[in-house]
Each structure stands twice: as structure tokens, then as C-alpha cells.
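Spelled out, the chains give:
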Amino acid sequence: MERLCGPKLPFWVANQTLHTDSPDLPECFQLSVLSWLPCVYLWLACPPYLFYLQRNNKGYIMMSILNRVKTVFGLVLWIVCWTDLFGTFHELQQGDTKPPIYFVTPLVVGMTMLLALFLIQFERLRGVQSSGILFIFWFLSVMCAIVPFRSKILQAKYQSEISDKLRFTTFYFYFSLIVAELILSCFNEKPPLFSNIDTDPNPCPQSTAGFLSTMTFWWFTSMAIKGYKNPLEAKDLWSLNKRDSSEVVVPKLLREWEVEQAKAHSAEDQSTQALYSKPPPAGESNHVGGESSPEEVEVLLSKQKDPKKPSFLRSLIKAFGPYFLIGSAFKLLQDLITFVNPQLLKLLISFTKQKGAPTWWGYALAFLMFFAAFLQTLILHQHFQYCFVTGMRLRTSIIGAIYRKSLIITNAAKRTTTVGEIVNLMSVDAQRFMDLTTFLNMLWSAPLQIILALYFLWQNLGPSVLAGVAVMILLIPLNAAIAVKTRAYQVEQMQYKDARIKLMNEILNGIKVLKLYAWESSFKDKVLEIRQNELNVLRKTAYLGALSTVAWTSAPFLVALTTFAVYVTVDKNNILDAEKAFVSLSLFNILRFPLNMLPQVISCIVQASVSLKRIQDFLSHDELDPESVDRTNTATDSSVTVVNGKFTWAKQDPPALHNINLMVPQGSLLAVVGHVGCGKSSLVSALLGEMEKMEGDISIQGSVAYVPQQAWIQNATLRDNILFGKAYNEQKYRCCLEACALTQDLEVLPGGDLTEIGEKGINLSGGQRQRVSLARALYNKADVYLLDDPLSAVDAHVAKHIFDHVIGPEGALQGKTRILVTHGISFLPQVDNIVVMVEGRVSEMGSYQELLKQNGAFAEFLRNYSLEDIIEEDEATEALTDEEEDFPDDALSNHTDMVDNEPVVNEAKRQFIRQISIISGDLENPKSRSVRKRLCSERKHAESDSEKKLPKVAKLIQAETAETGRVKSKVFWEYAKAVGPLLSLFICFLYGCQSAAAIGANVWLSQWTNDAAQNVTQENVSMRVGVYAALGMAQGLLVMVSSFTLAMGNIGAARKLHYALLDNKLHTPQSFFDTTPIGRVINRFSKDIYVIDEALPSTVLMFLGTFFSSLSTMIVIVASTPIFAVVIAPLAFIYIFVQVCCCWPTVCCPRPTACCGQPNSCTSTCSRGC
């Protein structure tokens, strides 16, 4: 530095800097290091930051007053720097030669100000509202300028006249401007033009928060205050950030998963080609015929590798890894800062030993320790923010991928996958990934912290630390064995959990039958048997976890004990003084966290690996081929065409449909008839693409609407069930209601079409459900309608009305292509064509008259069984004419579901009538023709006026309520009672004794270090080591007993709470199940029981450990420094205030997520799909 500063300006003067009561840095150090440090930072950070801005364009921000002021100040800063430079050149011309530092520093700082000016404008063009890079630059500039600022004030104070007035003036201009730039950088620019922030009525302030607000989470303050004043509800929360929404994260994961599947398929194809492309040469065969024996072929095939499976883990890493790596970078920085405080503590202890040391050393070290802890806290919570967001995105995307997969898996896959397993995948397994991401970085951070701690311990204690390393190495095989065993138990536990949720789903779906036959006790025993097996596995897992906790909780003490013991015994000159002991102890405390967290992280990884395999296996199931039905073929005039079709429900099953040839002209009505089980519904499923196509081609032109044989009704209003997401058109809607004979039903329903329909249409009859399903298809305005026996659940005259007004040649669907599966023989003369199915084949096809002339099986049915249908037709006609074209209320609204409520005899008779599938040859009765149609235009739509006058009806399905505010003490007491009151007290007593043993060990260590000052070290070594070891062993023994006792209590609580829940639900009245979605009950038995089984025990363990550790720390501090007791009260007040103000929102926010969980929609979808 002498070349730059010259001989008159030394770079470092110790007596001027350290060993004085009024320290100051030399001018050369100020002009070089302090001036260049911010510049070096900005030039190093600029290239990656510009690359980031180039890749992420958020929009264009208009030039604002704030931006203009920043630009002007930056320009003035550049002018000030160049004024210094030109002043130096002027002095050079006057003969006053200055060292090169006076030329280099203004030039470097001036160029850096130009770079900052460029960044201000470039960030505005890329839509950056607040710059973290520039904020840190201005902050470093101000921090580095404080020392010259003080130096120049002292210079002016002690000198009569300022020698260098130009630089004195320009520096204060420079300092004022960088302070102003720092203040201005704390404010945000306006949002970019055409951004979503302007259109969102309730945007999340995080997206517009400045750098300082983001680092300190100040943007969350308004939510914390709102949560403190009133309990938070779902409506109080901000809108979700677009980047965190399911419409963004789910497709991102699915794209990566599709790439992995494509790679796996291509690798499998290449291996197949390699296997079959090269036949063995004839000359190389060992046999006379030159052919390989079956034994050789078997050996060759057995050596082939298993087909490569797509990696779901790689998909997760590609989709969310880059964002997670930002949090990992914060974690790395925090780990490095963690080891600053032990070094500062070493200097502080050394400072206390020096009698003549300047006082400012102590203040400086205390400030540095506080600043390091403050910076560590800021960085650590940024790391957690990135981890939590990544976990949320993981859980969202996994749930979305599983739900999507459940809709498109093949029928063969549905046989091996139960609804309970899918619910567990979406609730338990997805949650495990979210829990894992919080501490996943500990997988590499823990070894890093251990290595750094051991390095500094080596610097402090020398080779004696190797004894501690040996202790840790000996604990690794134990932990590995525990991890392997825990993984096996996790697999077994999930199998029992799937079986239990599957059985609970079956119980809840058939709860009405179960209660009618009084089967509660027998089914409860079945569930409890599975639960007992699950708890047995859970108990083994808990005991292994307790053993792991004992090993790694005792590990830091064992490391300290062996290290100190070896250190004082290996050499008589080794004295354990306060500096070595307490600096080592601080390093051992740092070592404690990674050693404690590593087994938990390994356990979470083991659990997540089990879940990963389960999810990967489910997502790898075969999917229905979306190309099996050609929707782009416009070459023919037929709407539906099937050529040589052969279909099966599963590839390994024999074909269910053979040699299907079908052509349905545009706008025609085709009826499909046949015996029960002959393949009518299978034909409709094949047209929908839900069967495996083995041969042939299917083409459908236009959109398709499907009316299933069993109507699917959502838990929504009747109107929402019909609209199904479409826009409301009143005239079109009323026409659909009238055509489907629902008008009279609206008068009976308490809320009209706004009446809430229970889950599975519980408050509608079978016929009403079927007509709602038909009205939904009619309102949808599709091109092709597939109607799977929609008239079977309605009365004869209602079926007549629906056929005339909807399906028939003069109905609302005239002109549309309709394929009707039916057993109503009276409607067949009005259809265009009839297909007769026999044993999965098309037996006959033609018009009604053509089939009669063929005199085949169809005509035989007509001759034998037409009489019964004629009688039914006459009765239906008489009922219509007697009511003068109005349907009676009891016929439309109060008729019962034939499948659910008819006696067994009538059911058998109805099944017999359906099996013969005959067709009446009688033409339509003239009486019924007179009452056939009512046109929508002839109706006066008085319903729209009366709709407003409908009385307000209470909701059938009430929204699930969540507790608000603090958790009541009753909840804690209930869990304590489940564990056992005496056992709970005993557990707390054990944890108290454990903390007492830890305090005793630290106090004894303090007394041990005092021996160094009294020169009695060697005489007391054996006694000191022995008592220290005894206290440590007592602590380890207490940890073991408390861990096993806590595990026993938690398992007992899990058994009692599950039994109480199951017993309560099985004895709950039927009305509860009529008004409560099954998914809501399933959620209690899956997600909430998982929390009680696995999440709550670890939380209790963490709480007890933290509480007694904090209590023991305060006791030790107060015992050694009684004045600290005065500070405890205000600190406790601040802590409680922060807990109440900031933690209540975090307590309240997870509760709505428990109420809007996915099992409701999942169970209803899966029950429909399966």
C-alpha cells in the first residue's frame, strides 16, 4: 500500500488504532479499504443481478418523483467524486504532488456511482419496485463513511484551520447524499404497468414490499394487528400470490413428471430394441441345431435389468429446487455467522483478563456480538421463509398431481388403489414433504456445523478433540440401525393406516345400513383391531425415536466430557481455564443443535422416502388413453362411429365388447337395448374412452354430455348442480326445468332452486336426482348425448313426460345426436334406430319396423312381453289426463328411490322385467298424444318473481367451524387426561430433574475452571472429572427415562382419543351423516389422527425441552448475577406481547385449512370414478 499512499500516509498504526482511548483509522486505510469495499461489492454483485433482471421482466414502471430524486442524487454523487479527481489534477498542476490514492479512489468511486445510476434506471425498466442490491450498497457506503466522518470532525476540532477545504467540503456533500440515497431506497416504487397487483382487490403486500420490509417481515404487521384485535377468518387473509397458486405450481410439477416419464419410456424402448435386434449367431451356439435352449433364454431374460422407473424425486427437485437453493444459501450464511460469537466471546474473556485494556474494546465486542446475533436471526428467518414456501408449494403440487391422476387411471389401477389410500396420499404423505422441507437443509448444514465446531475446538484444545470425534463416530452405526428399522416400521404403519381409512370410508358410505342392522359394535371391533396393529407399530417407532433422542442428546455432553478429560490428563501443562472451558462449551452448545436435529431429519427423510415411493407408485399407474376416441375426424357425416371395436376393462381381462360396428348419423336418436349384463353400459363407457381399446377405431364429432345410470349430485344448491359452472340464463334454465319435470319440485323444496342439496343428493329422491342430472346435461348444450338408462329411476308417466319433452323426436334435444340405453319398451317406436346387445356383441341393428320384420330375438321379446308394458302405459296416460296436464306433487316430489326403498319382492320382480328387455309393439296411446308437450314459450315465468319471495332457508350442510383465539386450557387438560394426569406430572418432574443435572454439570465445570487461578489443578483432576461424568451420566439416564415415559404416554393418548372419536361417530344419529360431508369425517380419522399419532408427540417433546432449558438458563443467570432478575419482568412482558400479537395469527391461520381440506372433493370424486 506504500506505493498508493506514499511514505507519509501509513496504512496501519496500532498505537493510533487499538491501544488508545480515542481510536482512529489512518487516512490511507480510510481512502483505500473503507472507500473501495462498497465498490467491490457492487461490481461483484452486478453481473449475476443483471442476468437475473434480464431473465425476469416484471413490467415497466413509469418515471416517478422518487426515481427522479434518486437519479439526480446519483448524478450529483458522480459530480462530487469527479470534483475530487479534478481537484487533485489541479493541485498537480500547481506543483503539489499527491499520492496515487487520491487519483484512484475518486475514479473508482465515481465509476461505481455511474454503475449505481445505471442500475436505478434499469431496475425501473424491468419492474423492480425495491432494490436489495442497491440498499446494501448504500448501507455499506454509509457504514464505511462514518469513520472518515468522525475523523474529519476531530480534525476540525483539534486544528485551528482546515488544511484541505475542498475535500472536506466534498466529503460532507458525499456523506449527505449517500445517507439520502439510503433513506430513499427504503421506499417503494409504484407497481409496474398492467400488473396483477392493480387488478387484485386484496393483494398480498409481500409482492410489493421493499427490501427492508421483506427482510424484517414488516409487511406482515397489519395482519398481526388485525389478528390481535379480532380472530382471523379465511376472508381476512390476503389473496394468494400468483406464483404460489395451484394453477402455477401443479402444472410446473406435472411438466417435469411428464419429462421423467418420457425418459423412462424411451430408455425402456431402447433396451427392448437392444434385446430383440441382434439374434445370436448360429455358429456360436453350443447345440446342433444352432438354436438357444429354453434354459439359455431364461438365463438371458433373468439378466436383463428391471425397466427404469420415472423418478418423482427428480421431478420435485427440477420444479422447486432452484427456489429452495436460495433458502439454502441463506442457511449457509447463517451457519458461518454462528461461529463468529464464540470467537468474540474468546476476545471478551481475554479483554476481562487485561487490566490496562481500553474500555471501548468491551463496548465494541458487546456490540459486535449483538450485531452478529441480530444478523444471524434475520438471515435464519429468511431461510425458514423460503423453506416454508417451498413446502407449501410441494404439498399443493403433490395433492394436485394425485387428484388429477385419480381421475384418469385405468380401471385395472382402480382395483389395486382404494379410496382410503388416495386420501392418505393427499393428506398424510403430502404433509410429510411439507414437514421435511423445513429442516431438509440440516442434512448438509449439520455436518458443516460439526466440522467447523471441531475445527475451532482443535484450535482451542488441540488433538484432545479427537476423543470427542471418536464418540460421535461410535454413535453413527446406532443411528443408522435405528433409521433402517424406523423405515421398515413406517412402511408397515402406512399399510395399516390405509386399511383403517379404507374400512372407515366403507363404514361411512354405508352408515345407514349399518345402523339399521345394528352392526356398530362388530364394525367398531374391526376398526379397533386394525388400530391396535397400527399402534403396536407406532409404539416400536416411538421407542426407537426415544432411543435416538437419548443417544444424540447425550452426545454433546459425552463429547465435552471425553475431550476435557483427555485434555487435562494427557499433559500436566494443560490447564482448563475459563477461556478454554467456556469457549469450548459455547462450541459444544453449537454442536448440540446439529447433533440433536440430525436424527430427526434422518427420521423425517425416512418417512418421506416411504411416502415418496407410495406417491411415485401411484403416479406411475397406467392412464386412460386420451387418443382412444378420435374427436378430430370430420370425414364422415356420422356423429359417432365405431369400426371393428374390441374393448376390455383391463388389459389382462378378456374383452367385454367384441366386433362393435356402429354408425350414428348426425341428429339421430339411437336406442340400445338388451339383457342385464349384455354390455349396454360398457358400450357407453367405451364411447367415453373409459375402457381399454384393443382393436378398432372410435370417432365422435363435437362435445359430449353424459347422463349416468346413477346420478352424481354435488353438495351445492339445486341451481348450481344444473348450471355446473355455466353462466346463468334464466329463459334457458326455466326451459330445462320444465322439460325435465322439475318445476313442480321447486314448489315443494323449501328454498326453491336455491335449496342446498346434501352430499350424494341425500335430500332428493332417486327420481329427482336423475332428473337433475338430466337437466344438467340439457343445459350444457353438447353435440352428442350419451344417456345411460336415465328413465329407470322415475315413474312411468314422468318417464313419458321426459321422453316427449327432452329425448324424443320433438323434445328439446331434437337435432342433437342421442344414444339412449333404455328398458322402456313404449319409447322404441319413436326412435330412429335400435341396437340390440347380446353378450357384448351387436346382435341386431335397424329401425323398429325393420327389426320386427326380421322376426329375430327382438320380435320374440315383443310378442311375449309387450302386455305388461301396455298396462303400464295405460295407467300412466290415465294419471296424466286425470290431473289435467298437471303432475301431482306426490308423483314428482315424494316418490321414493326404487333401488333404495322398495321391498325385496318388488325389487326381484323389477329386475326380472328389466332382464327380458322387451319392446312393446303397441303404438303410442292417443290419449297420451293429447298431453304430450308443453312449450316453454307458453309458460309464464312467474318463478323469477316468486324466487325473491322465498323464505330464507337454513343451510343443510353447515360450514365447518374452526376455533378462534387462543387454545383453551380445556384442550390441554383433555390431552393431559388422555396421557394420564399422574404420568404427565411425572414426565414434567423427569424433565425438571434432567435440567437440574445439566445445571449441576455446568456449575461444576465453572468450579473446575477456578482451580487454574488457585494452582490446584492437578490435585483435583480425578475428582473433577469423576463428578462431572457422574452428573452427565445422571442427565443421560433421566433423558432416557423421560423419553420412554413420554412415548408411552403419547401412545396411550393416541389410543384413547381415537377410541373416543370412533365410538362417538358410530353412536351419532343418522341426521349428522345426512348433513355432514363424508370427507369431513374422513379428515378427522386421517389427518387429525396423524397429528395426534406423530406430529403432537414431537411438539410436546420440543416444548418440554425448550421450556425447562430456558427456565434453567434463567435460574443460572439470576444465581450468578442477581441484578438480572430486574430485567426478567420487562423481557417477559415484551415476549408475551410478541407471542400474543404475532403468534395468534399463526395459530388461527392453519385452522381454516383443516376445514377446507381435500378429502371432501376427493372422496366424492373417487366414489364416482371408482
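Residues numbered from 1 in each chain as written. Predicted model: local features only at pLDDT ≥ 70, side-chain atom pairs only at ≥ 80, totals over all residues. Heavy atoms only, no water.

Going by an unreviewed UniProt entry, the protein carries the name ABC-type glutathione-S-conjugate transporter and comes from Salvelinus namaycush. According to its UniProt record, the protein has this under Catalytic activity (unreviewed entry): "leukotriene C4(in) + ATP + H2O = leukotriene C4(out) + ADP + phosphate + H(+)". (UniProt positions renumbered as here; feature names shortened; annotations may be inferred.)

Trainee: Break down helix α18 (residues 442-461) for me, citing the residues and quoting the values.
Mentor: A rise of 1.5 Å per residue sets the reference length of α18, with its 20 residues, at 28 Å; its end C-alpha atoms lie 26 Å apart and thus fit the reference within 8%. Burial in α18 covers these residues: M442, S445, A446, Q449, I450, A453, L454, L457, N460 and L461. Buried residues of α18, viewed axially, fall in a sector of 165°; they line one side. Tucked into the core, α18 has its buried residues touching α13 (312-338), α14 (340-353), α19 (465-509), α21 (520-570) and α22 (578-619). (Helix = DSSP H or I, 4+ residues; strand = E, 2+ residues; numbered from the N terminus. Expected span 1.5 Å × (residues − 1). Buried < 20%, exposed > 50% of the residue type's maximum accessible area, 1.4 Å probe, protein only. Arc of directions from axis to C-beta. Contact = heavy atoms within 4.5 Å.)

Trainee: Mind laying out the packing of aromatic side chains, listing which residues take part and the relevant values?
Mentor: For the coordinates displayed, the defined rule picks out 37 aromatic pairs. The interplanar angle of 65° and the centroid separation of 5.3 Å between the aromatic rings of Y728 and Y733 together place this pair among those described as edge-to-face. Look at Y733 and you get buried, because its relative accessible area is 0%. By the ring-pair criterion, three or more aromatic residues cluster together here, those being F149, F168, F171, Y172, Y174 and F175. The ring centre of Y323 lies 4.3 Å from the NZ or CZ of R393, which sits over that ring. When the ring centre of Y728 is taken as origin, the NZ or CZ atom of R719, which lies over that ring, is 4.3 Å away. (Phe/Tyr/Trp six-rings, centres within 6.5 Å; stacked < 30°, edge-to-face > 60°. Lys NZ or Arg CZ within 6 Å of the ring centre and 35° of its normal.)

Trainee: Break down the sheet that holds strand β5 (residues 692-700) for me, with residues and values.
Mentor: Strand order in the open sheet made by the four strands is β1-β5-β2-β3, with mixed pairing throughout. Each end of this open sheet is capped by a strand with a single partner; those strands are β1 (629-630) and β3 (657-665). Its contacts with the sheet put helix α23 (residues 680-688) on β1, β2 (638-648), β3 and β5, and the angle it makes with β3 is roughly 70°. (Pairing = 2+ DSSP bridges. Axes fitted to C-alpha atoms, helices over the stretch in contact; angles between N-to-C directions.)

Trainee: Outline the confidence of the model for the protein, supporting the account with residue identities and numerical values.
Mentor: Looking at the protein, the pLDDT average stands at 80 and 83% of residues meet or exceed 70. Here residues 294-303 scores under 50 on pLDDT; set against residues more than four positions off or in separate chains, the count is four contacts. Ignoring residues within four places in sequence, the model shows residues 1150-1157, a span with pLDDT below 50, making 13 contacts including any to other chains. (pLDDT = per-residue confidence, 0-100.)

Trainee: Would you mind going over the nonpolar core in detail, with residue names and values included?
Mentor: With 47 residues, the main nonpolar core has L718, I722, V806, I807 and I834 as its most contacted residues. If you look at the next biggest cluster of nonpolar residues, it comprises 40 residues, including L457, F557, L587 and A1029. (Core = buried A, V, L, I, M, F, W, Y, C linked by side-chain atoms within 4.5 Å.)

Trainee: Give a description of the packing of helix α4 (residues 65-93) against helix α7 (residues 165-184) that names residues and reports values.
Mentor: Packed helices, taken two at a time, are described by their axes: the angle between them and the distance between them. One can describe the packing of α4 onto α7 by two numbers: an axis separation of 10 Å at closest approach and a directional angle of 160°. Judged by the inter-axis angle, α4 sits roughly antiparallel to α7. Between α4 and α7 lies a crossing of left-handed hand. Looking at side-chain class alone, the contact of α4 with α7 contains 13 nonpolar, five polar and five charged residues. (Parallel < 35°, antiparallel > 145°, perpendicular 65-115°, else oblique. Left-handed = near helix turned anticlockwise from the far one by under 90°. Nonpolar A, V, L, I, M, F, W, Y, C, P; charged D, E, K, R; others polar.)

Trainee: Please set out a negative patch on the surface residue by residue, giving values where relevant.
Mentor: A surface patch of negative charge is lined by D625, E627, D630 and D697. Counting through the fold element by element, D697 comes out in strand β5. (Patch = residues over 30% accessible without salt bridge, like charges linked within 9 Å, V, L, I, M, F, W, Y side chains within 5 Å. Areas by Shrake-Rupley, 256 points an atom, 1.4 Å probe, with all protein chains shown as cover. Salt bridge = Lys/Arg side-chain N within 4 Å of Asp/Glu carboxyl O. Lys, Arg positive; Asp, Glu negative; His and termini not counted. Charge placed at Lys NZ, Arg CZ, Asp CG, Glu CD.)

Trainee: Can you break down the pairing of strand β9 (residues 833-838) residue by residue, with the values?
Mentor: Regular strands place their side chains on alternate faces of the sheet. Where strand β4 (residues 669-674) and β9 come together, five bridges link them in parallel fashion. When the sheet's bridge partners are listed, L670 is paired in β9 with N833. Two strands pair when backbone bridges link them, and β9 and strand β10 (residues 841-846) are joined in this way by five bridges, in the antiparallel orientation. Opposite V835, over in β10, you have M845 as the bridge partner.

Trainee: Summarise the environment of G992; cite the residues concerned and give the values.
Mentor: By the secondary structure assignment, G992 is in helix α37 (residues 981-1014). Taking C-alpha positions, G992 is 8.7 Å from S1112, a pair spaced 120 residues apart along the chain.

Trainee: Residues and numbers for the sheet that holds strand β7 (residues 784-788), please.
Mentor: In space, the six strands of this open sheet follow the order β6-β7-β8-β4-β9-β10, with mixed pairing throughout. A strand with exactly one partner marks an edge of an open sheet, and here the two such strands are β6 (704-707) and β10. For this sheet, the mean angle separating the axes of adjacent strands, direction not counted, is 15°. The strands touched by helix α27 (residues 766-780) are β6 and β7; relative to β6, the strand with the most contacts, the crossing angle is about 175°.

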